[in-house]
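# Remarks on the overall topology
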Amino acid sequence: MTLGLINANPVVHAKKERVARNDDPHAEDAVDPLEIYDILFLQSLSVLSEESITVDEKLGRILITFTPTIQHCSMATVIGLCLREKLKDCFPPHFKVDIKVAPGSHANEESVNKQLNDKERVAAALENPNLRQLVDECLYSSEL
């Protein structure tokens, strides 16, 4: 068994400059997908794009679809947990967050999606001290 990084040299993309989509000055409380995109931290690896974030304020739902850097990415579940934890800290609890792997982008897409959207599995994963530490390191290192 080989130890080390699976994708040691990912392609890193420059961050695009954008203009906010929400032109309504009265929509201060509205959740804009660009706001979510800016909060999350995986733009430079093209794991997320602006188009991969959908917000339905009427239903109180946020859908994030991410693309792992390789099809056999062992960190896909960790990436999803990090996204979930970051959004949990930034938005009110009435929003339901769904996190999915982009169709066809991961060898175990169905399994990863099931793990990331099952409350009990997410809670159990985050109770694991090693996994919790990894998620926290991902979240806090991105804020430096």
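Note: the structure precedes this text.
About the cut-offs
- Residues numbered from 1 in each chain as written.
- Predicted model: local features only at pLDDT ≥ 70, side-chain atom pairs only at ≥ 80, totals over all residues.
- Heavy atoms only, no water.
- Helix = DSSP H or I, 4+ residues; strand = E, 2+ residues; numbered from the N terminus.
- Buried < 20%, exposed > 50% of the residue type's maximum accessible area, 1.4 Å probe, protein only.
- Contact = heavy atoms within 4.5 Å.
- Areas by Shrake-Rupley, 256 points an atom, 1.4 Å probe, with all protein chains shown as cover.
- Axes fitted to C-alpha atoms, helices over the stretch in contact; angles between N-to-C directions.
- Parallel < 35°, antiparallel > 145°, perpendicular 65-115°, else oblique.
- Left-handed = near helix turned anticlockwise from the far one by under 90°.
- Nonpolar A, V, L, I, M, F, W, Y, C, P; charged D, E, K, R; others polar.
- Pairing = 2+ DSSP bridges.

For the rest of this paragraph, the subject is the overall build of the protein chain. What the protein chain contains, in helices and strands, is five helices and three strands. The buried share among the 144 residues of the protein chain stands at 34%. Across the protein chain, contacts joining residues at least 24 apart in sequence account for 60% of those joining residues at least 6 apart. Looking at the protein chain as shown, the accessible area adds up to about 9300 Å², and 53% of this sits on carbon and sulfur atoms.

Time to look at the packing of helix 2 (residues 76-90) against helix 3 (residues 109-116). Where helix 2 meets helix 3, the axes come as close as 10 Å, and the angle between the chain directions of the two elements is 30 degrees. By the angle between their directions, the pair helix 2 and helix 3 is classed as roughly parallel. Relative to helix 3, helix 2 is oriented so that their crossing is right-handed. On helix 3, the residues that touch Ala76, Thr77, Gly80, Leu81 and Arg84 of helix 2 are Val112, Gln115 and Leu116. In the contact of helix 2 with helix 3, the residues fall into four nonpolar, three polar and one charged.

Right, let's get into the sheet that holds strand 1 (residues 53-56). Ordered in space as 1-2-3, the three strands form an open sheet in which the pairing is mixed. Both edges of this open sheet fall to strand 1 and strand 3 (96-101), since each of them pairs with a single strand only. For this sheet the average axis-to-axis angle between neighbouring strands, irrespective of direction, equals 15 degrees. As paired strands, strand 1 and strand 2 (residues 61-66) are joined by four bridges and run antiparallel to one another. Directly across from Ile53, in strand 2, lies its bridge partner Ile64. Relative to the sheet, helix 2 contacts strand 2 and strand 3, its axis offset from that of strand 2 by approximately 150 degrees. Strands strand 2 and strand 3 of the sheet are contacted by helix 3, whose axis makes an angle of about 160 degrees with strand 3.

These figures capture arrangement, not role.
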